[in-house]
Amino acid sequence: MHIGIIDLVTNSAKPSIWGRLMHGNFAGVMPQAVAVWCENQGHEIHYVCYASEKDLPDCIKDFDLAFISAFTQSAQLAYALSSLLRSRGAVTAVGGPHASSYPEDAIKYFDYVFGITNKDLVLDILRDYSPHRPTGLYIAAAKQPSSLPGVQQRWKYIKKALEKAPLIKVVPMLSSLGCPYSCEFCSDSSIPYQSLDLDVIKEDLKFLLTKFKRPVVGWSDPNFGIRFNDIMNAIEEAVPSNTNKISFYAESSLAMLSETNVKRLKKNGFKVLLPGIESWYEMGDKSKTGSKTGMDKVLQLSDQVNMILSHVPYMQVNFIFPFDVDRGPEPFELSKRFADLAPGVFPHYSLLTAFGRAAPYNLQYQKENRIIPVPLHTLDAQMAMNVKPKNYSWPDFFNHLIDLTEYTFSRRAFRNRFKANESGWRWLNWFRGITSQGIGRTKRIHRFLHRFNTDQTFRAFHEGETTELPDFYINWVRNDLGVLWDWLPEGALSYDPNAYLKTRDKVN
Ligand code: B12
Ligand code: SF4
């Protein structure tokens, strides 16, 4: 068979400067793993990392079967692409965060929708890939795969994706799946933690040293380093310590980042750490702050983060607003104090988003009738938000967010960050700060807030008084889809925001 594997790493036909430089580094491990599994069965594979509209001609081939990998923010792009590929005779399948979060919507536009996926599930489809229309088939394995193809096996696909990353090339690797913590908003809160084969990881690291002078590896683990000593021993066996031959990036929890562990990370070439604080009032277990909340938590974590930054040159810390415990200006003011006390960190603010059935807690929001059906495409956790805040009016919330973002991307904050960072890294923070990751985002949120204040229908939609989609959202999707807008199936901008509550475990 001629099989297409398309990884949608953006949802935009024309991405920002940051996106143009970085999108090639956002390619997922799973689409590449699926490519390896199909190739090993003797099929002809065409892998595409879709990073902008320029890649579209590469996606439109005469496939027998096409797998599309999509985050929810790429849902409409995936639906449009599926309808275009189906018109050329392909059977289509979707996998990735969107398929796991909104399977009941995705089955309207794909023949197959993959939840948790392993090799057997993919091979089953290769044996019988008959079309399922108008309603697709949702399929999911009982548990996460126990192994996945390593870098050597995925190499030709990794190489192809990295052609889209002109500046820094980050190779995606995984050392574990799932997580032992259970943060209410997270898709991994109910997925048990498991390590992947350390021997494969060692071989992969040695292999990478033959491919790049100084490889950069980004660990895609939901929470890297849970079995800290095991993974460090494996890295040390493959790459001699203190040589900085490979640079590593990882998302891990602060609970794991004690000074002893951080020193070992430094020795092994870890350059970028991205822990989540998420909330000043909750999730104390993963930051080892226990029952400490508010300013006590700010003081403890700013100390810890400064300690980490004295060993590892770059840190982004992730926050989510507004949790149901958040109320008034305090959570935002606490984040400002944190920025003052830990000026070297790049703060990343995500908006509370209930991605369909991704996390069990989403049922609660659905029960409370608080989910607003903003188009899936706009769910990037950056500007549009689909959970009605519990203790804020919409304008109130966005005013607080703007105030915080302006504070942490003010001239003063830029200066402080610049001074607190190591030489080369300070420019990365400066650059991120002036793009859509910092000041650029503030401007966009301002425009968004302006709508709440001036457009009655926009406000009514967010208050749940009407389900009629404001033109603002329609235009947003149309602009981003580019020429694929014409292929978006009718009705594909709307969906049932409470489908999880209605169907629970059943999708088909
Ligand atoms: C690593 C990671 C990233 C990396 C790498 C992304 C990538 N391309 O894989 C980076 C940093 C680039 C990233 C970026 C973003 N991320 Co992210 N990220 C994660 C993280 C931490 C781990 C995901 C992972 O790789 N797990 C390992 C894989 C093997 O397991 P899995 O995800 O469970 O996948 C299983 C199935 O879904 C299936 N599957 C997965 N992909 C595919 C593909 C095919 C073809 C098939 C058949 C099956 C299949 O098989 C897997 C094994 O069972 C999760 C959080 C988490 N705790 O899971 C968030 C998460 C996936 N990210 C999320 C978001 C929102 C984003 C951003 C929008 C953030 C932002 N505002 O910029 C961007 C979007 C980037 C994009 N490509 O569009 C959300 C997605 C929710 C959703 N429904 O869309 C998550 C779930 C976090 C959350 N809020 O809960 N992310
Ligand atoms: S620690 Fe991270 S990966 Fe684990 S459940 Fe919490 S947010 Fe998810």
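Before going into details, it helps to say that this report is about the structure given with it. (Residues numbered from 1 in each chain as written. Chains lettered and ligands numbered in written order. Predicted model: local features only at pLDDT ≥ 70, side-chain atom pairs only at ≥ 80, totals over all residues. Heavy atoms only, no water.)

1. Points about the site of ligand 1
Near ligand 1 lie 31 residues; those nearest to it are Phe26, Thr72, Gln144, Asp188 and Asp380. The greatest single-element share of the shell around ligand 1, amounting to three residues, is contributed by helix α5 (residues 97–101). The residue inventory of the shell around ligand 1, partitioned by class, reads 15 nonpolar, 14 polar and two charged. (Near = heavy atom within 4 Å. Helix = DSSP H or I, 4+ residues; strand = E, 2+ residues; numbered from the N terminus. Nonpolar A, V, L, I, M, F, W, Y, C, P; charged D, E, K, R; others polar.)

2. Let's talk about the pattern of salt bridges
For the structure on display, the rule yields 26 salt bridges. The shortest N-O distance in the salt bridge between Lys156 and Glu39 comes to 2.4 Å. Of the two residues, Lys156 is situated in helix α8 (residues 151–162) and Glu39 in helix α2 (residues 29–39); the sequence distance between them amounts to 117 residues. Looking at Lys156, the relative accessible area reads 48%, which means it is partly exposed. For Arg459, the salt bridge is made with Glu463, and the minimal N-O distance between the two is 3.8 Å. Taking relative accessible area as the criterion, Glu463 reaches 25% and is therefore assigned partly exposed. Residues participating in the shared-partner salt-bridge network are Glu333, Lys336, Arg337, Asp340, Asp403 and Arg412. (Salt bridge = Lys/Arg side-chain N within 4 Å of Asp/Glu carboxyl O. Buried < 20%, exposed > 50% of the residue type's maximum accessible area, 1.4 Å probe, protein only.)

3. A closer look at α8
Here α8 spans only 13 Å end to end across twelve residues, well under the 16 Å set by a 1.5 Å rise per residue. Inspection of α8 places Val151, Arg154, Trp155, Tyr157, Ile158, Ala161 and Leu162 among the buried residues, and these make up the whole buried set. (Expected span 1.5 Å × (residues − 1).)

4. Observations concerning the packing of helix α16 (residues 411–420) against helix α17 (residues 423–434)
It is at 8 Å that the axes of α16 and α17 come closest, and there the two elements cross at 160°. Regarding the angle of α16 to α17, the classification is roughly antiparallel. Viewed along their axes, α16 and α17 form a crossing whose handedness is right-handed. Facing Phe414, Arg417, Phe418 and Lys419 of α16, the residues of α17 in contact are Arg426, Trp427, Asn429, Trp430, Gly433 and Ile434. Taken together, the residues of the contact of α16 with α17 sort by class into five nonpolar, two polar and three charged. (Axes fitted to C-alpha atoms, helices over the stretch in contact; angles between N-to-C directions. Parallel < 35°, antiparallel > 145°, perpendicular 65-115°, else oblique. Left-handed = near helix turned anticlockwise from the far one by under 90°. Contact = heavy atoms within 4.5 Å.)

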